[in-house]
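Listed here are the chains, written in short residue letters.
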Amino acid sequence: MRVGLPAMLGQLTTLIYNIADTFFVSLTKEPAMIAAVTLCAPILLIIMSIACIFGMGGSSVIARLLGEGKKEESGG
């Protein structure tokens, strides 16, 4: 929960931001612009998910290495 909850809140914030973007772009009444914003949302979420996977995994590896006293291998 300590690691997963902030990641979920970050993605929720991004979705809310995307909804606001879609609203303001929809005021232009240009279907191509609205479609572009809508199609980019899943791509952005996939990129964020991959970043979270590597971020959480990397911090876990570094924490284990530091716990074992292997400071040089952890990059520190």
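In what follows, the structure referred to is the one given above.
Cut-offs and rules
- Residues numbered from 1 in each chain as written.
- Predicted model: local features only at pLDDT ≥ 70, side-chain atom pairs only at ≥ 80, totals over all residues.
- Heavy atoms only, no water.
- Helix = DSSP H or I, 4+ residues; strand = E, 2+ residues; numbered from the N terminus.
- Rg over C-alpha atoms; globule rule 2.2 N^0.38 Å.
- Buried < 20%, exposed > 50% of the residue type's maximum accessible area, 1.4 Å probe, protein only.
- Areas by Shrake-Rupley, 256 points an atom, 1.4 Å probe, with all protein chains shown as cover.
- Lys, Arg positive; Asp, Glu negative; His and termini not counted.
- Charge placed at Lys NZ, Arg CZ, Asp CG, Glu CD.
- Salt bridge = Lys/Arg side-chain N within 4 Å of Asp/Glu carboxyl O.
- Axes fitted to C-alpha atoms, helices over the stretch in contact; angles between N-to-C directions.
- Parallel < 35°, antiparallel > 145°, perpendicular 65-115°, else oblique.
- Left-handed = near helix turned anticlockwise from the far one by under 90°.
- Contact = heavy atoms within 4.5 Å.
- Expected span 1.5 Å × (residues − 1).
- Bend = angle between axes of the 7 residues up to and from the residue.

Engineer: Any chance you could explain the overall build of the protein chain here in plain terms?
Structural biologist: Looking only at helices and strands, the protein chain features two helices and zero strands. In terms of overall size, the protein chain is more extended than a compact globule, its C-alpha atoms giving a radius of gyration of 18 Å where 76 residues would be expected to give roughly 11 Å. Dimensions of the protein chain, computed from C-alpha atoms along their principal axes, come out at roughly 60 × 20 × 15 Å. By the burial criterion, 9% of the 76 residues in the protein chain qualify as buried. When the accessible surface of the protein chain is totalled, it reaches about 6,000 Å², and 75% of it is carbon and sulfur. A distance of 8 Å separates the average location of the 5 positive side-chain charges in the protein chain from that of its 5 negative side-chain charges.

Engineer: Help me understand the pattern of salt bridges in this model?
Structural biologist: Between side chains of opposite charge, a pair can form as their charged atoms come close. Summed over all chains, the structure comprises one salt bridge. Between Glu68 and Lys70 there is a salt bridge; the shortest N-O distance is 3.2 Å. Taking the relative accessible area as the measure of exposure, Lys70 reaches 35% and is therefore partly exposed.

Engineer: Whenever I open this one, the packing of helix H1 (residues 4-26) against helix H2 (residues 31-67) confuses me. Can you help?
Structural biologist: Between two packed helices, both the angle of their axes relative to each other and the distance between the axes serve to describe the pair. Between H1 and H2, whose axes approach to 10 Å, the crossing angle comes to 165°. Classified by the angle between their axes, H1 and H2 sit roughly antiparallel to one another. The hand of the H1/H2 crossing is right-handed. Judged by residue contacts, Ala7, Gly10, Gln11, Thr14, Leu15, Asn18, Asp21, Thr22, Val25 and Ser26 of H1 engage Met33, Ile34, Val37, Thr38, Ala41, Leu44, Leu45, Met48, Ser49, Cys52 and Met56 from H2.

Engineer: Just to check I follow, could you spell out H2 for this structure?
Structural biologist: Residues three or four positions apart in an α-helix share a direction because the helix packs 3.6 residues into each turn. With 37 residues, H2 extends 54 Å from end C-alpha to end C-alpha; this agrees with the ideal 54 Å at 1.5 Å per step. At Ala41, H2 shows its largest bend, some 25°, and a proline, Pro42, comes one to four positions later. All of the buried residues in H2 are Val37, Ala41 and Leu65. Looking at the buried residues of H2, the elements they touch are H1.

Engineer: How should H1 be read in this particular structure?
Structural biologist: In a regular helix each residue adds 1.5 Å, so 23 residues correspond to 33 Å; H1 covers 33 Å between its end C-alpha atoms and thus fits that length. Those residues of H1 that sit buried are Ala7, Thr14 and Asn18. Looking at the buried side of H1, the elements it contacts are H2.

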